[in-house]
Amino acid sequence: MTKLSVTTTVSRSCSNFSDLASGALLDLPCTPRALPRVMTVAGIISDGGNEGDSDVLSSVCHERKIIVANHLPLHAQKDTETGRWCFSLDEDSLLLQMKDGFSSESEVIYVGSLKVDVDVSEQEEIAQKLLEDFNCVPTFLPPDLEKNFYHGFCKQQLWPLFHYMLPIRLDQGDRFNRSLWQAYVSANKIFADKVMEVINPEEDYVWIHDYHLMVLPTFLRRRFNRVKLGFFLHSPFPSSEIYRTLPVRDEILRALLNSDLIGFHTFDYARHFLSCCGRMLGLDYESKRGHIGLEYMGRIVYIKILPVGVHMRRLESVMNLHSTSVKIKEIQEQFRGKKLVLGVDDMDIFKGISLKLLAVEQLLQQHQDLQGQLILVQIVNPARSTGKDVQEAKRKAYSTAKRINDTYGLPGYNPVILIDRPVPLYEKIAFYAVAECCIVNAIRDGMNLVPYKYVVCRQGTPQMDEDMGIPVGSPRTSMLVVSEFIGCSPSLSGAIRVNPWDIYAVADALNLAITMPDAEKQLRHEKHYRYVSSHDVAYWARSFMQDLERACKDHYNKRCWGIGFGMSFRVVSLSPSFRKLSIDHIVSSYERTNRRAIFLDYDGTVVPQTSINKIPSPEVISVINNLCGDPKNTVFIVSGRGRNSLSEWFAPCDMLGIAAEHGYFIRWSKSCDWESSPLAADFDWKRITEPVMRLYTETTDGSYIEAKESALVWHYQDADADFGSCQAMELLDHLENVLANEPVAVKRGQHIVEVKPQGVGKGLVAEKLLSTMVCNGKPPNFVMCIGDDRSDEDMFESILSTVSGPLLPAVPEIFACTVGQKPSKAKYYLDDTVDVVKLLQGLANSSSQKPRYSGQHQVSFESTP
């Protein structure tokens with residue numbers, strides 16, 4: 001244990017709090033004083049002037065992991081007489097136990113707050129001492145900020161909401177407190193500053209824990225675009241219907257998505273998070289080889305689903321203590337001849353203690369033979385928060401227990417025993433070892449390791465068996481009654497799962513648990529122990545870090561840059577060759593070429609995808625007309641829309657080529673006739689397709705059918721996001737089955753399912769148009785193609801393969817450009833339709849500045865590069 005005297009040094013680590021609270025939440029200076037002997041930039045170590053220290057330089061080779069959580073894994077106590085601080089490691093802290101999952105060469109640094117208040121005059125000295133002795137970096141939050149951050153936003157907003165309680169209270173009203181949110185962001189900024197003091201951004205891995213620090217990834221990603229960052233949520237993540245009530249819902253989602261890997265205890269929590277990302281941010285996810293990934297701004301954010309485990313060695317070491325054996329014998333003697341059921345819960349409104357007591361009351365009422373035999377020992381851990389709700393839950397639990405004891409108690413016998421005091425671990429383990437059944441009846445809990453600990457303690461150790469006189473190899477039994485609303489429930493397949501709100505079902509489950517034959521109890525215990533012992537905390541930490549390393553392996557293979565302000569900040573990560581298309585760059589190439597092919601998508605390219613009015617603006621018509629007026633240009637609109645709409649909208653553009661319905665219909669200019677694809681003349685498949693689509697339209701509110709001449713399209717962008725996607729997958733499978741022998745392709749696109757003739761697509765259109773230009777003796781030496789969705793990717797790919805083949809006598813200058821910063825086969829991007837129109841205007845201006853020449857004189861007047 002380390003002892004530290006009180007010092008008189010004035011701390012400057014919180015001197016800028018007035019700036020922090022002013023609202024400039026993302027432009028705050030870092031903590032002024034850096035801690036000594038830490039690497040702050042790759043290869044550069046700052047130690048307060050001792051730059052030649054060889055010990056410091058040797059730390060470069062260490063693999064480091066920075067664990068960030070609200071509280072450090074430390075006990076802290078101040079001697080009131082001497083004024084000396086005493087610090088020791090908290091052996092029961094998950095953060096400390098995680099180290100067993102890391103390699104022995106790994107250096108682990110902890111960043112978090114102490115659980116005690118430290119005077120400002122002592123903070124700097126204590127910070128240095130904790131770093132040297134425990135590798136801990138404390139974040140000293142000012143008391144007012146700590147109150148609004150932890151007891152305010154965390155406990156009044158996030159914690160209830162994540163446990164499915166909407167923030168509507170008569171005593172507080174239902175208004176969102178923006179100042180508590182500001183305190184939350186400010187506190188996360190202080191945590192970020194502390195991480196930045198010790199991080200080597202190119203080498204270190206940062207692992208952030210729990211809902212207290214959900215916006216911390218944004219601060220770190222903003223400072224270091226390629227930081228290796230994992231986040232694990234230890235609480236539930238609510239369904240989208242609950243989460244969407246949070247006014248800062250988008251800010252928190254985007255902040256979490258600045259991580260590389262996001263971990264959850266159960267698939268339900270992960271599914272709710274993914275659903276929120278889909279409904280609120282429009283993001284899709286996919287699973288590849290067992291890994292779930294969200295594509296976000298060119299980055300893949302991976303999702304990890306793995307419940308945390310217990311620390312086997314810690315439990316076994318306490319089981320082997322003499323004090324544990326003594327306590328076990330004491331409990332056995334106290335409850336000899338009784339059926340002991342155990343509950344261990346925090347005192348809060350979600351642990352269901354009162355519901356558990358009501359179930360015991362119901363059990364005693366239904367089974368009179370258990371009166372005088374059954375005892376529930378309920379250990380009540382100290383409440384983690386204070387408030388009227390907690391006090392009311394405590395009052396209700398005590399009054400219920402008193403009523404049960406008054407009704408069913410006998411001299412020397414109380415059916416309910418509440419232990420409401422700090423209970424040491426050895427005493428809890430003693431109760432675990434003796435209890436015939438353990439019940440966890442929480443109405444909502446992120447994980448809850450009580451069932452795991454119970455199973456391990458019922459298995460025992462050779463030393464504990466010897467002390468208790470249990471023969472070697474004796475069969476072990478355990479019975480669990482667990483709520484179906486807690487995170488550990490899915491992993492305990494042998495437990496009796498209950499709905500805690502149904503006290504009759506819980507009572508029946510308890511009766512089943514204590515009357516079940518020993519052979520069945522043994523089988524269930526063995527199944528649970530195999531899982532718990534193999535999926536311990538070391539396995540959990542090791543698995544998470546392996547996935548984090550895999551998620552970060554491509555960080556330096558891509559070009560990264562940040563966009564957005566405040567909590568909307570995010571990093572775009574794309575191929576090094578992918579860059580924004582410069583008007584000057586393309587105009588230069590445009591002016592020195594004389595046979596140009598220009599292919600433009602329509603929706604999302606020249607008109608906004610979200611626009612209700614899909615008719616092109618006069619500006620778009622003017623620009624396209626100017627481009628078509630240059631005889632060196634062959635300009636085509638290549639769209640999935642029908643030919644009638646496109647013909648009407650672009651009627652003023654006499655020289656514009658149109659490829660409608662993904663190229664099934666092609667017209668070279670307004671004076672030319674429409675050419676249709678020779679691949680499909682029979683549309684009998686429509687008679688099969690339309691009734692199927694109509695069936696899904698009737699059952700999917702917000703969907704509709706678009707009937708084209710060559711295709712049928714089912715749209716569901718206005719339907720419920722999850723249900724529409726589910727129906728689209730089902731429709732795709734249905735259509736593929738019924739159309740298996742038809743000459744059609746069934747494709748799923750962005751909020752659509754489309755059936756069209758085989759061999760029709762934008763890629764084939766581009767190939768055909770380029771081939772025709774070559775056959776007419778005008779092989780293009782400039783090709784520009786702009787589009788925004790999946791169908792345009794086929795066009796980009798086709799152009800790149802065509803121009804690199806033997807078709808063209810010389811390789812033209814290629815400008816394949818996607819709209820929006822996202823992964824693409826194109827080499828260039830433009831941000832939006834406004835940028836597209838500006839680019840086209842730049843090319844049109846370049847054409848209008850030159851004198852017109854007939855097609856005959858162009859070749860002789862300008863040389864082909």
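Criteria and thresholds
Residues numbered from 1 in each chain as written. Predicted model: local features only at pLDDT ≥ 70, side-chain atom pairs only at ≥ 80, totals over all residues. Heavy atoms only, no water. Helix = DSSP H or I, 4+ residues; strand = E, 2+ residues; numbered from the N terminus. Buried < 20%, exposed > 50% of the residue type's maximum accessible area, 1.4 Å probe, protein only. Contact = heavy atoms within 4.5 Å. Areas by Shrake-Rupley, 256 points an atom, 1.4 Å probe, with all protein chains shown as cover. pLDDT = per-residue confidence, 0-100. Pairing = 2+ DSSP bridges. Phe/Tyr/Trp six-rings, centres within 6.5 Å; stacked < 30°, edge-to-face > 60°. Axes fitted to C-alpha atoms, helices over the stretch in contact; angles between N-to-C directions. Right-handed = clockwise from strand over helix to strand, strands pointing away. Expected span 1.5 Å × (residues − 1). Polar contact = N/O pair within 3.5 Å; in protein donor to acceptor, adjacent residues only side chain to side chain. Parallel < 35°, antiparallel > 145°, perpendicular 65-115°, else oblique. Left-handed = near helix turned anticlockwise from the far one by under 90°. Nonpolar A, V, L, I, M, F, W, Y, C, P; charged D, E, K, R; others polar. Salt bridge = Lys/Arg side-chain N within 4 Å of Asp/Glu carboxyl O.

1. Digging into the overall build of the protein chain
- Of regular secondary structure, the protein chain possesses 29 helices and 35 strands.
- Per-residue burial for the protein chain yields a buried fraction of 54% across its 865 residues.
- Once local pairs closer than 6 in sequence are excluded, the contacts in the protein chain between residues at least 24 apart make up 72%.
- Carbon and sulfur atoms form 49% of the exposed surface of the protein chain, whose accessible area is close to 37600 Å².

2. Details of the confidence of the model for the protein chain
- Here the protein chain shows a mean pLDDT of 87. Residues at 70 or above account for 90%.
- Ignoring residues within four places in sequence, the model shows residues 851–865, a span with pLDDT below 50, making 27 contacts including any to other chains.

3. Observations concerning the pairing of strand S19 (residues 480–483)
- What you see with S19 is no split at all: Leu480 and Val482 on one side and Val481 and Ser483 on the other are buried throughout.
- Direction of pairing for strand S18 (residues 437–440) relative to S19: parallel, over a ladder of 3 bridges. The residue bridging Val440 from the neighbouring strand is Val482, located in S19.
- Across 3 bridges, S19 lies against strand S20 (residues 496–498) in parallel orientation. The residue of S20 that forms the bridge with Val481 is Ile496.

4. Some points on the packing of aromatic side chains
- Taken as a whole, this structure holds 30 aromatic pairs when the rule is applied.
- A centroid spacing of 6.4 Å and a plane angle of 55° characterise the contact between Phe162 and Tyr243, whose relative ring orientation is tilted. With Phe162 in helix H5 (residues 143–162) and Tyr243 in helix H8 (residues 240–243), this residue pair connects regions lying 81 residues apart in the sequence.
- With a relative accessible area of 0%, Tyr243 lands in the buried category.
- Their ring planes at 70° and their centres at 6.0 Å tell us that Phe232 and Phe544 sit as a pair that is edge-to-face. Within this pair, whereas Phe232 is found in strand S10 (residues 228–232), its partner Phe544 is found in helix H20 (residues 537–552), the two being separated by 312 residues in sequence.

5. Here's the deal with the sheet that holds strand S13 (residues 291–296)
- The strand order across the open sheet built from 9 strands is S8-S7-S4-S9-S10-S11-S14-S13-S12, with neighbouring strands paired in mixed fashion. Strands at the two margins of the open sheet, each flanked by one partner only, are strand S8 (136–138) and strand S12 (285–288). Within this sheet the neighbouring strands show an average axis-to-axis angle of 25°, counted without direction.
- Bridge analysis of S10 against strand S11 (residues 261–264) gives 3 bridges, and the strand direction is parallel. Bridging across to S11, Phe231 finds its partner in Ile262.
- Helix-sheet contacts for helix H4 (residues 123–134) involve strand S7 (106–113) and S8, and the interaxial angle to S8 is about 160°.
- Of the strands in this sheet, strand S4 (63–71), strand S9 (205–209), S10, S11, S13 and strand S14 (299–305) touch H20, which is tilted by about 125° from S9.

6. What to know about the environment of Trp501
- Looking at where Trp501 falls in the secondary structure, it is placed in the loop between S20 and helix H18 (503–515).
- Remark: the alpha-carbon pair of Trp501 and Ala359, spanning 142 residues in sequence, is separated by 9.5 Å.

7. Some details on the pairing of strand S26 (residues 657–660)
- Along S26, one buried face is formed by Gly657 and Ala659 and the opposite face, lined by Ile658 and Ala660, is buried too.
- Of the strand pairs in this sheet, strand S25 (residues 633–638) and S26 are connected by 3 bridges, and their pairing is parallel. The partner of Ile637 across the bridge, within S26, is Ile658.
- A crossover links S25 with its parallel partner S26, the connecting element being helix H23 (residues 643–649), and its sense is right-handed.

8. Some words on helix H28 (residues 833–848)
- Taking 1.5 Å per residue, 16 residues should reach 22 Å; H28 reaches 22 Å between its end C-alpha atoms and fits that length.
- Looking at H28, one finds that the buried residues are Thr833, Asp835, Val836, Val837, Leu839, Leu840, Gly842, Leu843, Ala844, Ser846 and Ser847.
- At the N-terminal boundary of H28, the capping side chain belongs to Asp832, with an oxygen 3.2 Å from the backbone nitrogen of Val834.

9. Topic: the side chain of Arg299
- Take Arg299: it is sitting in strand S14.
- Judged by its relative accessible area of 7%, Arg299 is buried.
- A polar contact of 2.9 Å, which involves the side chain of Arg299, links it to the backbone oxygen of Leu257.
- Within the local environment of Arg299, its side chain forms a polar contact with the backbone oxygen of Ser259, the two atoms lying 2.7 Å apart.
- Contact partners of Arg299, with chain neighbours within four places excluded, come to Arg221, Leu257, Asn258, Ser259, Asp260, Leu294, Val571 and Ser573.

10. Some words on the packing of helix H13 (residues 353–366) against H18
- Across the interface, H13 lies against H18 with an axial gap of 8 Å and an inter-helix angle of 65°. Overall, the two elements H13 and H18 adopt an arrangement that is roughly perpendicular. Crossing of H13 over H18 shows right-handed handedness. Here H13 contributes Leu355, Leu358, Ala359, Val360, Gln362, Leu363 and Gln366 to the contact with H18, which in turn contributes Ile503, Tyr504, Val506, Ala507, Asp508, Leu510 and Asn511.
- Counted by class, the contact of H13 with H18 contains 10 nonpolar, 3 polar and 1 charged residues.

11. Looking at the packing of helix H24 (residues 685–699) against helix H25 (residues 721–738)
- Running from amino to carboxyl end, H24 crosses H25 at an angle of 160°, the nearest separation of the two axes being 11 Å. The angle between H24 and H25 falls in the class roughly antiparallel. Considering the relative orientation of H24 and H25, their crossing is right-handed. Along its contact with H24, which presents Ile688, Thr689, Val692, Met693, Tyr696 and Thr699, the element H25 presents Phe723, Gln727, Glu730, Leu731, His734, Leu735 and Val738.
- The residue makeup of the contact of H24 with H25, split by class, is 8 nonpolar, 4 polar and 1 charged.

12. Concerning the sheet that holds strand S30 (residues 712–715)
- A sheet is described by the order of its strands in space; here 4 strands give the open sequence S29-S30-S32-S31, paired in antiparallel fashion. Of all the strands in the sheet, the pair left with one neighbour each is strand S29 (704–707) and strand S31 (744–749). Strand-to-strand twist in this sheet, taken as the mean axis angle between neighbours without regard to direction, amounts to 15°.
- Pairing between S30 and strand S32 (residues 752–757): 4 bridges, direction antiparallel. Within the sheet, the bridge partner assigned to His715 lies in S32 and is Ile752.
- The strands touched by H25 within the sheet are S30, S31 and S32, with S31 carrying the most contacts at an inclination of about 170°.

13. A few points about the side chain of Ser669
- Secondary-structure assignment places Ser669 in the loop between strand S27 (665–667) and strand S28 (675–676).
- Polar side-chain contacts of Ser669 include one of 3.2 Å to the side chain of Ser671.
- Contact partners of Ser669, with chain neighbours within four places excluded, come to Asp654, Met655 and Leu656.

14. Quick notes on the pattern of salt bridges
- Summed over the entire model, instances satisfying the criterion amount to 44 salt bridges.
- When the shortest N-O distance is used, the salt bridge between Glu333 and Arg336 registers 2.9 Å. The residues Glu333 and Arg336 share a single accessibility class, namely exposed.
- The partner of Lys768 in a salt bridge is Glu675, and the shortest N-O contact between them spans 3.6 Å. Taken together, the residues span a long stretch of sequence, with Lys768 in helix H26 (residues 762–775) and Glu675 in strand S28 at a distance of 93 residues.
- For Glu675, a relative accessible area of 33% puts it in the partly exposed group.
- Taken together, the shared-partner salt bridges in this structure form one network comprising Lys327, Glu330, Arg421 and Glu427.

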